[in-house]
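Here is how the chains run, residue by residue.
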Amino acid sequence: MLRRQSLRESAARTYARSLPIVPVRARGLTIEGADGRRYLDCLSGAGTLALGHNHPVVLEAVRKVLDSGAPLHVLDLATPVKDAFTTELFATLPPGLADDARIQFCGPAGTDAVEAALKLVRTATGRGGLFSFTGAYHGMTAGALDASGGATDVRVTRLPYPQDYRCPFGVGGDRGAELAARWTENLLDDPKSGVTTPAGMILEPVQGEGGVIPAPDAWMRRMRAITAARSIPLIADEVQTGVGRTGTFWAVEHSGVVPDVMVLSKAIGGSLPLAVIVYRSELDAWEPGAHAGTFRGNQLAMAAGAATLAYVRENKLADRAATLGARMLGRLQGFAADHPCVGDVRGRGLMIGVELVDPYADATPRPAAEDGPAPDVLAPPAAPALAAAVQRECLDRGLIVELGGRHAGVVRLLPPLTLTDEQAEAVLDRFADALAAAERAHRPGPPVPAAHPRTVRTPSVHRRAATGPSH
Ligand code: PMP
């Protein structure tokens, strides 16, 4: 089957290359391959499976619709299933938005909802430009791709996303985030910046594909204040961070920011395709049919999604993600002491990233700013080959992990929120084993000390910033 797949499917296939398995059964955290091997799945459909595979409440909700004789295809007509989904979703929204929200059901993918959000704010403001951030990932359709980090579209102004480990200003922490915010503000206020007021600003509260980078809460509030003061709609892309994943139901809740538009997909469909935007009614300037689409009425996804949202809410799985995620992060940070190739460990809730680096590469010292913190050095180069080796070693040990980050050097864990303590330990045991094996294979001859052992940034600096109270 794998051979036939490689002969028949496009060269663009992705996960199928790094995870050569044929899933035939799945339950919770576990996937079983056609060869009978079992895997602990910490990819979770790229962060989709809040309740893991085939959760009983999801299956029951889907069966109920099938057994009821309800139509499965209804375009955007009203149905009891859709009504229940909308009610459940609105009950979870940040209060400032829920009170006065509209919902647009989009085509089924996250990228469709991103397109809808961009179109909405362009219609509502009559403006054309867009602010987005370095390292962003918003999808693969043309507009979403433009807003993502890899694009070169001139209508999109790319702003620095704050990050500690590879801070573009060389300082990280609160100061790095403050400088990033000032840059944004200055572009808008400087009449000669070459940038006009955009139709909107789109951001991920935690960059996922960009390498698991949580935005500092204070920076999020700055972005809200900057956009609010200039009537620029703020779009929060919560496609990956939503439904409890980061330790609050929606990741914007960490900062208390209420966006004007929220882009939602992945977990809201309870493992089936569903994507929506919710937004302040004031922005609802669309003409009838302004954003249509044949597949906006997936009844099974709405039923599975409503069941998932309710289960996460009733069982306080966001709190569980916060507690368990912090514990897992702590243990992973412990690994860093024994593994010089672990450059940084960061995350929020059950969205965790381990950045692998080449510790033997020459690190470049940075000059100290006059009033800035102590001299610093650039983080060592990313180690994508090592990250790929860790992913392979994990698979050999029955653990599925994701890769991400600017240089594909970040191993990502996105387990279901239903993960038990024992399962978390098993995941980390396998991960530790895989890391040690990959590191052994990649070590260049006998171990040598790092080029600048006393000035290379110690991971604890960024860990504190990524997980501490200021976030
Ligand atoms: N936004 C974010 C933040 C994402 O992580 C993704 C997918 N990884 C998307 C948008 C695009 O979603 P989809 O792949 O369903 O189009």
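Residues numbered from 1 in each chain as written. Predicted model: local features only at pLDDT ≥ 70, side-chain atom pairs only at ≥ 80, totals over all residues. Heavy atoms only, no water.

1. Concerning the sheet that holds strand β12 (residues 276-280)
Defined as follows: DSSP calls a pair of strands paired once it identifies at least 2 bridges connecting them. For helices the rule is a DSSP run of H or I covering at least 4 residues; for strands it is a run of E covering at least 2, with both sets numbered from the N terminus onward. Lines fitted to C-alpha atoms define the axes here, with helix axes fitted over just the stretch in contact, and angles between the N-to-C directions of these axes take values from 0 to 180 degrees. Residues count as neighbours in contact if any of their non-hydrogen atoms are within 4.5 Å of one another.
In spatial order, the strands read β4-β12-β11-β10-β7-β5-β6; together these seven strands make up an open sheet with mixed pairing. The outermost strands of the open sheet, each flanked by one partner alone, are β4 (101-105) and β6 (156-159). Within this sheet the neighbouring strands show an average axis-to-axis angle of 20°, counted without direction. Across the sheet, helix α5 (residues 80-92) is in contact with β4, β11 (261-264) and β12; its angle to β4 comes to roughly 135°. Along the sheet, helix α9 (residues 173-189) makes contact with β5 (130-133), β6 and β7 (200-203), crossing β6 at roughly 145°.

2. Remarks on the pairing of strand β19 (residues 410-413)
As a reminder of what qualifies: Note on classification: 1.4 Å probe, protein chains only; a residue is buried when its accessible area is under 20% of the maximum for its type, exposed when over 50%, partly exposed between these limits.
Of the two faces of β19, the one lined by Val410 and Arg412 and the one lined by Val411 and Leu413 are each fully buried. Bridging between strand β14 (residues 351-356) and β19 involves four bridges; their strand directions are antiparallel. When the bridges of β19 are listed, Glu355 appears paired with Val410. Two elements, strand β18 (residues 402-404) and β19, share three bridges in a ladder whose sense is antiparallel.

3. What to know about helix α10 (residues 217-229)
Quick reminder of the rule: Multiplying one less than the number of residues by 1.5 Å gives the expected span of a helix.
Here α10 contains 13 residues, and its C-alpha end-to-end distance of 18 Å stays within 8% of the 18 Å for a straight helix at 1.5 Å per residue. Listed as buried for α10 are Asp217, Trp219, Met220, Met223, Arg224, Ile226 and Thr227. On its buried face, α10 sits against β5, α9, β7, β10 (234-237) and β13 (342-348). Following α10 by one or two positions, Ser231 adopts a phi angle in the positive range, close to 55°.

4. Thoughts on the sheet that holds strand β1 (residues 23-27)
The sheet built from four strands is open, its strands ordered β1-β2-β3-β17 with mixed pairing. Two strands bound the open sheet, and with one partner strand each, they are β1 and β17 (399-400). The pairing of strand β3 (residues 38-41) with β17 spans two bridges and is parallel. Residue pairing for β17: Leu40 is matched across the bridge by Leu399.

5. Notes on the site of the ligand
Worth spelling out the cut-off: A cutoff of 4 Å decides nearness: a residue is near a molecule or strand if any of its heavy atoms lies inside that distance of it. Whenever a nitrogen or oxygen atom comes within 3.5 Å of another N or O atom, the pair is scored as a polar contact, on the condition that within protein one atom can donate a hydrogen and the other can accept it, and that pairs from neighbouring residues in sequence are kept only if both atoms are in side chains. Exposure was quantified through the Shrake-Rupley algorithm and a 1.4 Å probe, taking into account, for residues, occlusion by the shown protein chains and nothing else. Residues are grouped as follows: Ala, Val, Leu, Ile, Met, Phe, Trp, Tyr, Cys and Pro are nonpolar; Asp, Glu, Lys and Arg are charged; every other residue, Gly included, is polar.
Around the ligand, a shell composed of Ala109, Gly110, Thr111, Tyr137, His138, Gly139, Glu204, Glu209, Asp237, Val239, Gln240 and Lys266 is seen. At 3.4 Å from a nitrogen atom of the ligand is found a main-chain nitrogen or oxygen belonging to Tyr137. Asp237 has a polar side-chain atom sitting 2.7 Å from a nitrogen atom of the ligand. Here the ligand loses 84% of its free accessible area of 390 Å² to cover by the protein chains. Class assignment for the residues of the shell around the ligand results in three nonpolar, five polar and four charged.

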